[in-house]
Amino acid sequence: MHEEKEIDETKQGEALMLEKPENGNGKKLFLESYGCAMNFSDSEIVASILKDKGFSTTQDFFEADVIFVNTCAIREGAEQRVRKRLTEYRKAKKTNPDLIIGVLGCMAERLKSQFLEEEKLVDIVVGPDAYRSLPELIEIAETGQKAVNVLLSKEETYADIAPVRLGSNGVTAFISITRGCDNMCAFCVVPFTRGRERSRDPETIVNEAKELFEQGYKEVTLLGQNVDSYLWTGGGLKKENPSAEELAGATTFAQLLEKVALVNPDLRVRFSTSHPKDMGDDVLYMIAKYDNICKYVHLPVQSGNSRILEMMNRGYTREWYLNRIAAIRRIIPEAAISMDIITGFCSETEEEHKDTLSLMEEVKYEFGYMFAYSERPKTLAERKYKDDVPAEVKSRRLAEIVDLQLKHSALRTKEGVGKVHRVLVEGVSKKSKEELFGRNSQNTVVVFPKKDYKKGDYVNVLVTDCTGGTLIGKSID
């Protein structure tokens, strides 16, 4: 948990800005994103498509000709926030009857009827694989008709579209390497909203990394619902059982990591998200091999109990997961590890909750993203299990997990005191204009006096103090 740069997977996105196109059509776009990093990356694709059609952006939705909300359906709270925002945007229709309001992303397919016909909140509904059709859909909506495209694709990766970097700090950027997911975890809607898993051509990924570095970016994060299962065999759906010939010419995730790391030693490489059942030692050895591949692994566990993991259809046991943790500690001793945990899953007992706490005690994660289970429509859990853990029990268990993680985060952060950390400067500290902040390889925020350093610089910082989640020090360059 970072004090300077906290990540909330359901946070409201900013009104994202892009440069005014040279041949503008006079139309203004207001674009807002919710959810995971993949959604924010998708918004950059949307911005690129509409910029090519002459759109500029505004941070005032009352000035907009088109409002798009890129939505998240992973938890019920995110859907409620999106509905609230859409209701606010409808108010702008009173002063601008021609305003077009659209919903993008993971809520699109599931709630298209409610949004379009029942609640009458939007004019356009577009799924994650259909963003190329946005210009045509806008034209349809301008005639007063409702416009929908939620078709899922077996091919689409948007590899040929150069994303517009929205709200960028000019230092860090996302690169999408896969789309969709094949895992079918019992609690998750992603396979239904984003479709089957497809890997992107590694050459396009490397070229995007090169272009970003040439533009001054110093860090890229390779994104996928499950990056470890990345496999390029020539396109289309990921091969379930590739032939020996296909495998001989394939690119694995470990090999992709190396290709991106070799772009330039001053380009840091991160990735998210890993899956315990697919993370092999080849990935870990590749991380250890290159200094510019960050020594940080986000490895969701979801539960510390094997029965619950089986019900979740996670594909591994508690023992398997701890084996992967042991491999990380052995191969990359300096690595930081973070997790996702869902508490209060269907039928979870008090003893099984304690298994999660005991696993946390064994691993002592640096960071964590922790949530109470909320039932999502169409998932295996919604169809097969009863959401029978009372809300007050979920809340109490979540509080226990959060409290324990705060303790572990403080412990891990304190271990960084007295050491020198190579920090990539991301900006000025929120607490003082005389200080800069950045992150070390382990993804921990480091704050130090500004001096003559600037964004994008690498600075060696001797850490002398810390808070619960931030290291404090002074440069020694």
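See the structure above.
Computed from a predicted structure; not experimentally measured.

Caption draft 1: Inspection of the packing of helix H1 (residues 37–51) against helix H4 (residues 134–142) at higher detail. Two elements in contact, H1 and H4, have axes separated by 9 Å at closest approach and are oriented at 70°. When the axes of H1 and H4 are compared, the pair comes out roughly perpendicular. Here Val-46, Ile-49 and Leu-50 of H1 lie close against H4, whose contacting residues are Leu-134, Pro-135 and Ile-138. Of the residues in the contact of H1 with H4, the class split is six nonpolar, no polar and no charged.

Caption draft 2: Seen up close, the sheet that holds strand S6 (residues 147–149). Spatial ordering of the open sheet is given by S2-S1-S3-S4-S5-S6, a layout of six strands whose pairing is parallel. One side of each edge strand has no neighbouring strand; the edge strands of this open sheet are strand S2 (56–57) and S6. Across the sheet, helix H3 (residues 108–118) lies against strand S3 (66–71), strand S4 (100–105), strand S5 (124–126) and S6, angled at about 170° from S5, the strand it touches most. The strands that H4 touches are S3, S4, S5 and S6; relative to S5, the one it contacts most, it runs at about 160°.

Caption draft 3: Layout of the pairing of strand S10 (residues 219–223). Burial analysis of S10 places five of its five residues in the buried class, the great majority of the element. Burial of S10 is two-sided: the residues Glu-219, Thr-221 and Leu-223 facing one way and the residues Val-220 and Leu-222 facing the other way are all buried. For strand S7 (residues 172–176) and S10, the ladder comprises five bridges, and the chain directions are parallel. Its bridge partner being in S10, Thr-172 is matched across the sheet by Glu-219. Where S10 and strand S13 (residues 268–272) come together, five bridges link them in parallel fashion. Across the sheet, the residue bridging to Leu-222 is Phe-271, located in S13.

Caption draft 4: Expanded view of the environment of Leu-406. Locating Leu-406 in the fold gives a position in helix H14 (residues 391–414). Each C-alpha atom, one on Leu-406 and one on Tyr-373, is 20 Å from the other, the two residues being 33 residues apart in sequence.

Caption draft 5: Expanded view of the nonpolar core. Counting residues in each nonpolar core, the largest one holds 54 residues, and the members touching the most others are Leu-222, Phe-253, Leu-257, Val-260, Ile-287, Tyr-321 and Tyr-365. Within the second largest apolar cluster, 27 residues are counted, among which are Ala-73, Ala-78, Val-103 and Val-122.

Caption draft 6: Region of the structure containing the packing of aromatic side chains. Under the criterion given, the structure shown has eleven aromatic pairs. Ring centres of Tyr-296 and Phe-367 lie 5.9 Å apart, and the angle between their planes is 65°; this geometry places the pair in the edge-to-face category. Within this pair, whereas Tyr-296 is found in strand S14 (residues 296–298), its partner Phe-367 is found in strand S16 (residues 367–372), the two being separated by 71 residues in sequence. The burial state of Tyr-296 is the same as that of Phe-367; both residues are buried. Members of the aromatic cluster, each reached through a chain of ring pairs, are Phe-30, Phe-61, Phe-62 and Tyr-89. Above the ring of Tyr-458, the side-chain terminus of Arg-422 is found at 3.8 Å from the ring centroid.

Caption draft 7: Expanded view of the side chain of Arg-165. Of note, Arg-165 is situated in the loop between S6 and S7. Separated by 2.6 Å, the side chains of Arg-165 and Glu-208 make a polar contact.

Caption draft 8: The packing of helix H8 (residues 253–261) against helix H9 (residues 281–289), seen in detail. Running from N to C, H8 and H9 point in directions that differ by 15°, and their axes come no closer than 8 Å. Taken together, the axis directions place H8 and H9 in an arrangement best described as roughly parallel. Between H8 and H9 lies a crossing whose hand is right-handed. In this structure, H8 uses Phe-253, Ala-254, Leu-257 and Glu-258 to contact H9, whose residues at the interface are Asp-282, Val-283, Met-286, Ile-287 and Lys-289. Of the residues contributing to the contact of H8 with H9, the split by class is six nonpolar, no polar and three charged.

Definitions and cut-offs
Residues numbered from 1 in each chain as written. Predicted model: local features only at pLDDT ≥ 70, side-chain atom pairs only at ≥ 80, totals over all residues. Heavy atoms only, no water. Axes fitted to C-alpha atoms, helices over the stretch in contact; angles between N-to-C directions. Helix = DSSP H or I, 4+ residues; strand = E, 2+ residues; numbered from the N terminus. Parallel < 35°, antiparallel > 145°, perpendicular 65-115°, else oblique. Contact = heavy atoms within 4.5 Å. Nonpolar A, V, L, I, M, F, W, Y, C, P; charged D, E, K, R; others polar. Pairing = 2+ DSSP bridges. Buried < 20%, exposed > 50% of the residue type's maximum accessible area, 1.4 Å probe, protein only. Core = buried A, V, L, I, M, F, W, Y, C linked by side-chain atoms within 4.5 Å. Phe/Tyr/Trp six-rings, centres within 6.5 Å; stacked < 30°, edge-to-face > 60°. Lys NZ or Arg CZ within 6 Å of the ring centre and 35° of its normal. Polar contact = N/O pair within 3.5 Å; in protein donor to acceptor, adjacent residues only side chain to side chain. Left-handed = near helix turned anticlockwise from the far one by under 90°.

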